[in-house]
Protein chains: 4
Amino acid sequence: MTRILLTGFEPFGGEDINPSWAAVSLLADDPGVTAVLLDCTFDSAAKQLLAAVERTDPDLVVCVGQAGGTVGIELERVAVNLDDARIPDNAGRQPVDEPIEPSGPAAYFSSLPVKECVAAVRAAGLPASVSNSAGTYVCNHIAYTLAHLIATERPTLRGGFVHVPYAPQQVPSGNQPSMAVTDAANGLRAVVAAALA
Amino acid sequence: MTRILLTGFEPFGGEDINPSWAAVSLLADDPGVTAVLLDCTFDSAAKQLLAAVERTDPDLVVCVGQAGGTVGIELERVAVNLDDARIPDNAGRQPVDEPIEPSGPAAYFSSLPVKECVAAVRAAGLPASVSNSAGTYVCNHIAYTLAHLIATERPTLRGGFVHVPYAPQQVPSGNQPSMAVTDAANGLRAVVAAALA
Amino acid sequence: MTRILLTGFEPFGGEDINPSWAAVSLLADDPGVTAVLLDCTFDSAAKQLLAAVERTDPDLVVCVGQAGGTVGIELERVAVNLDDARIPDNAGRQPVDEPIEPSGPAAYFSSLPVKECVAAVRAAGLPASVSNSAGTYVCNHIAYTLAHLIATERPTLRGGFVHVPYAPQQVPSGNQPSMAVTDAANGLRAVVAAALA
Amino acid sequence: MTRILLTGFEPFGGEDINPSWAAVSLLADDPGVTAVLLDCTFDSAAKQLLAAVERTDPDLVVCVGQAGGTVGIELERVAVNLDDARIPDNAGRQPVDEPIEPSGPAAYFSSLPVKECVAAVRAAGLPASVSNSAGTYVCNHIAYTLAHLIATERPTLRGGFVHVPYAPQQVPSGNQPSMAVTDAANGLRAVVAAALA
């Protein structure tokens, strides 16, 4: 059976939930899926991701994070070699203008078929788009770490990063867009299916 | 049993669905509810609303419409005596700067407890806010028509207008916010409960 | 000579400037113009406006306020009989759901030719639109006070309310739109010219 | 004297003006500045840029483009090796998912001190931010071309890409943010000063 590793993050920035893990955990019992919760920290999250890849030896890895302010599922096309945090992570660390891999390239492109994934999410009736920046916080750190692993050690692994919007309960005053967590989960299912096709 | 009249609109502006009717129709079997579909036309919709009130003699009327670009459930606080259409309605009529009721007041306030309704929607984990303008298209036309009916003929009727965001499938490219139709329906349930409390 | 009364507000909400007064004061030496600075308080501002009308006996009154988050000059079409403040005014007063004039109507329409004013601003190369809500803070309070004065005591006076965006220096991080104060002033000149035409 | 090459683009996408060239041309007579207009085409623009660098042998190059929908001056931190056009360029060419330099790296970081530049623009009273994506259209093509030139042939040259918002006259209906062209020009002056400091 195809082995699929999905990761989501714990809440950060004072939030009670993180829709990335809320959605990923809904896929935990899907065939072939291992769902792993990552700390929202620069130091631990990468180690947890690498350990999970080692442990599960997956064919596909999709790491998922929260992108507050976005409207749909965003397929990240680029991961940059840069940590530049606007707020401290959950361990209190706030790197500014630091490379993730001092000897690594400035960026990697995702090895997911991002446009096919976008089309699949839209075909499921949900908003989606390709994004050219995953920011410079823990999400991008994980996206770059995964791409660097693929480039340097696991050339047959396919993987990438996906951002999901806020969950509705995170924006009670209606000043930011959101997506139902069940919709985010269905969007991720479409991403996985397209990535495996 | 308390009688509740809910209305939603047919699609307009080239859309395939209208989330107002999609959500209202999910409440059609709730206790006491009559759900009525309105044309998206200045002329017919008001007649259909008035006929439905006549027919069902409700205790509460909540008319619902689509507000593209909004993020949450919006409780409309004001209805103005003005038709000013940016696009033609579904019958091809496009009134510009016309009063709805030539002898009516400039505006009515909603007779719904709008802030209690907002609080109830938020307590259900969904975004909501009070809005001070329902626009000047068919939605406001219906909001004003209902308020004028209450003011002039049915002083004990409680009623108002609520806007819901686009459904996710209306915004595939993710350039506008949306709300799952089941969430919109649950938000409307919270509005109804708060209005009856 | 035609007498024109223009008002702008002092800063509020922790800001250092209010673009409404910054722009209005650039018109202070225009022919026929009296420019008056209003407190950003529910109680004083209306008194200051009424005193200025009494003192200058104007043919035209344009009251101007700041609308954070907007992109262009907004011609307010409706003023509602409601004070509902999200934050305290500069005197520390925060009315909630209070009528402005207990015996007044729910709303007034502006006596400015709002669409002609919008067209004039756009012809000057600047963004403009008609707005159907001036909110429920001090701006709307002044808009309603002016409209009520016109309706009850000065039927030949023409007047209304205009919102201007943030000035650029108020949004250094670029998270909200803004308009150069000289552009806002030129937009107001176009509004005045159209209102007098 | 320090030699500064500034470039702006001709209009595209049906617009009458391009604020990048409108602003850059206001700096054409500043000391040391050569201002060059680029075609908005994937093929010609890069050639024009490289020829201008050859001709003027600059110490600093700042290429400027229009970013519709943005609020402030955006200092682009990353240029990616990808042409992916949503609309045809002014020569009718619309590359999809093509590398700019087949043997080049996935991305380059700007050699401008982007945060110092942002601080300088803000100190001038104008909105500014660091951006992590210059898109995948002609702007990014030029940003990557410049960075590749610096990396491969002109290691002492400092240069990067800056986006400016729409000019006010491009958004008459006020549905998108804008910046006065004189403000954009002053923002670019602050960028140049910070880049040379």
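Cut-offs applied
- Sequence order sets the numbering: in each chain, residues are counted from 1 along the sequence as written.
- Chains and ligands are labelled by the order in which they are written, letters from A for the one and numbers from 1 for the other.
- Given that this is a predicted model, residues contribute local features only at a pLDDT of at least 70 and side-chain atom pairs are listed and counted only at 80 or more, while totals for whole chains, interfaces and linings are drawn from all residues.
- To obtain the side-chain values, all non-hydrogen atoms of the structure were included, while hydrogens and water were left out.
- UniProt positions are given in the numbering used here, feature names are shortened, and annotations may be inferred rather than shown by experiment.
- All axes are obtained by fitting lines to C-alpha atoms, using only the stretch in contact for helices, and the reported angles, taken between N-to-C directions, cover 0 to 180 degrees.
- Helix and strand assignments follow DSSP, with helices taken as H or I runs no shorter than four residues and strands as E runs no shorter than two, numbered in order from the N terminus.
- To sort the angles, those under 35 degrees are grouped as roughly parallel, those over 145 as roughly antiparallel, those from 65 to 115 as roughly perpendicular, and the leftovers as oblique.
- Crossings are classed by handedness, with left-handed meaning an anticlockwise turn of the near helix from the far one by less than a right angle and right-handed meaning a clockwise turn.
- Contacts were defined at the residue level, with two residues in contact if any of their heavy atoms lie within 4.5 Å.
- Ten residue types, Ala, Val, Leu, Ile, Met, Phe, Trp, Tyr, Cys and Pro, are classed as nonpolar, four, Asp, Glu, Lys and Arg, as charged, and the remainder, Gly among them, as polar.
- Being paired, for any two strands, means DSSP has found at least two bridges between them.
- Summed over both partners, buried area is the accessible surface (1.4 Å probe) that two parts give up on being assembled.
- Put simply, a salt bridge is a Lys or Arg side-chain nitrogen that is within 4 Å of an Asp or Glu carboxyl oxygen.
- By the criterion applied in these results, polar contacts are pairs of N or O atoms within 3.5 Å in which, for protein atoms, one can donate a hydrogen and the other can accept it, and in which residues neighboring in sequence qualify only through two side-chain atoms.
- Exposed residues in this analysis have more than 50% of their type's maximum accessible area, buried residues have under 20%, and partly exposed residues fall in between, with area computed by a 1.4 Å probe over protein chains only.
- Helix span is expected to be 1.5 Å times the residue number reduced by one.
- Along the arc lie the directions from the helix axis toward the C-beta atoms.
- Classification of ring pairs uses Phe, Tyr and Trp, with its six-membered ring standing for Trp, and accepts pairs whose centres are within 6.5 Å; under 30 degrees between planes counts as stacked, over 60 as edge-to-face, and the remaining range as tilted.
- Least squares is the method for superposing the copies, and the C-alpha atoms it fits come from residues with pLDDT of at least 70 in both.

- Chain A goes by Pyroglutamyl-peptidase I in an unreviewed UniProt entry, where it is assigned to Streptacidiphilus cavernicola.
- Note on chain A: under the UniProt heading Catalytic activity (unreviewed entry), the record states "Release of an N-terminal pyroglutamyl group from a polypeptide, the second amino acid generally not being Pro."

### Re the packing of helix α3 (residues 114-123) of chain D against helix α5 (residues 181-196) of chain D
To characterise two packed helices, one gives the angle between the axes of the helices and the distance between these axes.
Residue and element names in this part refer to chain D.
So, step 1. For the pair α3 and α5, interaxial distance at closest approach is 8 Å and the crossing angle is 135°. For the element pair α3 / α5, the angle class is oblique. Judged by the twist between their axes, the crossing of α3 over α5 is right-handed. Of the residues in α5, those in contact with E116, C117, A120 and V121 of α3 are G187, A190, V191, A194 and A195.
So, step 2. The residue inventory of the contact of α3 with α5, partitioned by class, reads seven nonpolar, one polar and one charged.

### Details of the sheet that holds strand β8 (residues 158-164) of chain D
All names here are of chain D.
So, step 1. Strand order in the open sheet made by the six strands is β2-β1-β3-β8-β4-β7, with mixed pairing throughout. Strands at the two margins of the open sheet, each flanked by one partner only, are β2 (33-38) and β7 (128-131). Across the sheet, the mean angle from the axis of one strand to that of its neighbour is 25°, orientation sign disregarded.
So, step 2. Where strand β3 (residues 60-66) lies against β8, seven bridges are found, and the strand directions are parallel. Paired with C63 across the strands is F161, a residue of β8.
So, step 3. In the packing of helix α4 (residues 138-152) onto the sheet, contacts are made with β1 (4-9), β2, β3 and β8, and the angle to β8 comes to roughly 170°.

### Some details on the interface of chain A and chain D
So, step 1. Counting from both sides, the interface comprises 17 residues of chain A and, opposite them, 17 residues of chain D.
So, step 2. Here chain A and chain D share an interface that buries about 1200 Å² over both sides, 60% of which is from carbon and sulfur atoms.
So, step 3. The partner of D:D97 in a salt bridge is A:R77, with the nearest N and O atoms 3.3 Å apart.
So, step 4. Taken together, chain A and chain D are joined by eight residue pairs in polar contact (both at pLDDT 80 or more).
So, step 5. For the side of chain A that touches chain D, the secondary structure elements donating two or more residues are β5 (78-80) and β6 (107-109) of chain A.
So, step 6. In terms of residues, the side of chain A that touches chain D owes the most to one element, β6(A), which gives three residues.
So, step 7. The residue makeup of the side of chain A that touches chain D, split by class, is eight nonpolar, five polar and four charged.

### Some points on the pairing of strand β4 (residues 73-76) of chain B
Note on strand geometry: in a regular strand, side chains alternate between the two faces of the sheet.
All names here are of chain B.
So, step 1. Burial of β4 is two-sided: the residues I73 and L75 facing one way and the residues E74 and E76 facing the other way are all buried.
So, step 2. Two elements, β4 and strand β7 (residues 128-131), share four bridges in a ladder whose sense is parallel. Its bridge partner being in β7, E76 is matched across the sheet by S131.
So, step 3. In terms of strand pairing, β4 meets strand β8 (residues 158-164) through two bridges, oriented antiparallel.

### Observations regarding the interface of chain B and chain A
So, step 1. At the junction of the two partners, chain B supplies 18 residues and chain A supplies 18 residues.
So, step 2. A combined buried area of about 1300 Å² lies between chain B and chain A, and 60% of that area is made up of carbon and sulfur atoms.
So, step 3. When the area that chain B buries against chain A is broken down by residue, the three leading residues are B:V71, B:P127 and B:P172, summing to 31%.
So, step 4. In this structure, the connection of chain B to chain A is made through zero salt bridges.
So, step 5. Summed over the shared surface of chain B and chain A, the number is six residue pairs in polar contact (both at pLDDT 80 or more).
So, step 6. Residues that form the side of chain B that touches chain A fall into these classes: nine nonpolar, seven polar and two charged.

### Thoughts on the sheet that holds strand β1 (residues 4-9) of chain A
Residues and elements named next belong to chain A.
So, step 1. The sheet built from six strands is open, its strands ordered β2-β1-β3-β8-β4-β7 with mixed pairing. A strand with exactly one partner marks an edge of an open sheet, and here the two such strands are β2 (33-38) and β7 (128-131). Neighbour-to-neighbour, the strand axes of this sheet turn through a mean angle of 25°, independent of strand direction.
So, step 2. As defined by bridge partners, β1 adjoins strand β3 (residues 60-66) across four bridges and the pair is classed as parallel. Within β3, the position partnered with T7 by the bridge is C63.
So, step 3. Sitting on the sheet, helix α1 (residues 19-26) is in contact with β1, β2, β3 and β8 (158-164), with an inclination near 150° to β1.

### Quick look at helix α2 (residues 42-56) of chain A
Residues and elements named next belong to chain A.
So, step 1. Under the 1.5 Å per step criterion, the end-to-end length of α2 is 22 Å for 15 residues, consistent within 8% with the ideal 21 Å.
So, step 2. Listed in full, the buried residues belonging to α2 are F42, A45, A46, L49, A52, V53 and T56. With its buried residues spanning 125° around the axis, α2 presents them on a single face. More than 90 degrees from the buried face of α2, the exposed residues found are K47, E54 and R55.

### Focus: helix α4 (residues 138-152) of chain A
So, step 1. Helix length check: α4(A) (15 residues) gives 21 Å between terminal C-alpha atoms against 21 Å at 1.5 Å per residue, within 8%.
So, step 2. Counted residue by residue, α4(A) has 13 buried out of 15 residues, so it is predominantly covered.

### Considering the packing of aromatic side chains
Within a pair of aromatic rings, the relevant descriptors are the distance that separates the centres and the angle that separates the planes.
So, step 1. Within this structure, the stated rule accounts for 15 aromatic pairs over all chains.
So, step 2. With a centroid separation of 5.7 Å and an interplanar angle of 40°, the aromatic rings of A:F12 and A:Y137 are classed as tilted. Of this pair, A:F12 sits in the loop between β1 and α1 while A:Y137 sits in the loop between β7 and α4, and the two are 125 residues apart along the sequence.
So, step 3. By relative accessible area, A:F12 is classed as buried at 16%.
So, step 4. The exposure class assigned to A:Y137 is buried, which follows from its relative accessible area of 14%.
So, step 5. Between B:Y108 and B:Y144, the aromatic rings sit 5.1 Å apart at their centres with planes inclined by 45°, giving tilted as the arrangement. One end of the pair, B:Y108, is in strand β6 (residues 107-109); the other, B:Y144, is in helix α4 (residues 138-152), and 36 residues separate them in sequence.
So, step 6. A residue is classified by how much of its surface remains accessible, and B:Y144, at 0% relative accessible area, is buried.
So, step 7. Counting every residue linked through ring pairs, the aromatic cluster contains A:F12, A:F42 and A:Y137.

### What about the relation of the copies chain B and chain A?
So, step 1. Taken as rigid bodies, chain B and chain A are interconverted by a rotation of 180° and an axial shift of 0.0 Å, the fit giving an RMSD of 0.0 Å. As the rotation angle and translation indicate, the two copies are arranged about a two-fold axis. Closest to the rotation axis within chain B is the C-alpha of B:P177, separated from it by 2.6 Å.
So, step 2. By residue overlap, the copies meet face to face through one surface: 100% of the interface positions of chain B are interface positions in chain A.

### Focus on unusual backbone geometry
So, step 1. The backbone of A:D57 shows a phi angle near 45°, a positive value even though the residue is not glycine.
So, step 2. Mapped onto the fold, A:D57 is located in the loop between α2 and β3.

### A look at the UniProt feature "active site" (unreviewed entry) in chain A
Residues and elements named next belong to chain A.
So, step 1. Feature annotation in UniProt places "active site" (unreviewed entry) on C139, given in this structure's numbering.
So, step 2. Along the chain, the position of C139 falls in helix α4.
So, step 3. Take C139: its relative accessible area is 9%, and that puts it in the buried class.
So, step 4. Filtering out sequence-adjacent residues up to four positions away, C139 remains in contact with F9, G65, Q66, A134, F161 and H163.

### Concerning the pattern of salt bridges
Charged atoms that come close allow side chains of opposite charge to pair.
So, step 1. Under the definition given, this model contains 37 salt bridges over all chains.
So, step 2. One salt bridge connects A:D97 with D:K115, and the closest N-O pair in it is separated by 3.1 Å. With A:D97 in the loop between β5 and β6 and D:K115 in helix α3, this residue pair bridges two chains.
So, step 3. Note that C:E98 and C:R93 form a salt bridge whose closest N and O atoms lie 3.7 Å from each other.
So, step 4. Assessed through its relative accessible area of 31%, C:E98 is described here as partly exposed.
So, step 5. Overall, the relative accessible area of 29% leaves C:R93 in the partly exposed class.
So, step 6. Residues joined in a network through salt bridges with shared partners are A:R77, A:K115, D:D84 and D:D97.

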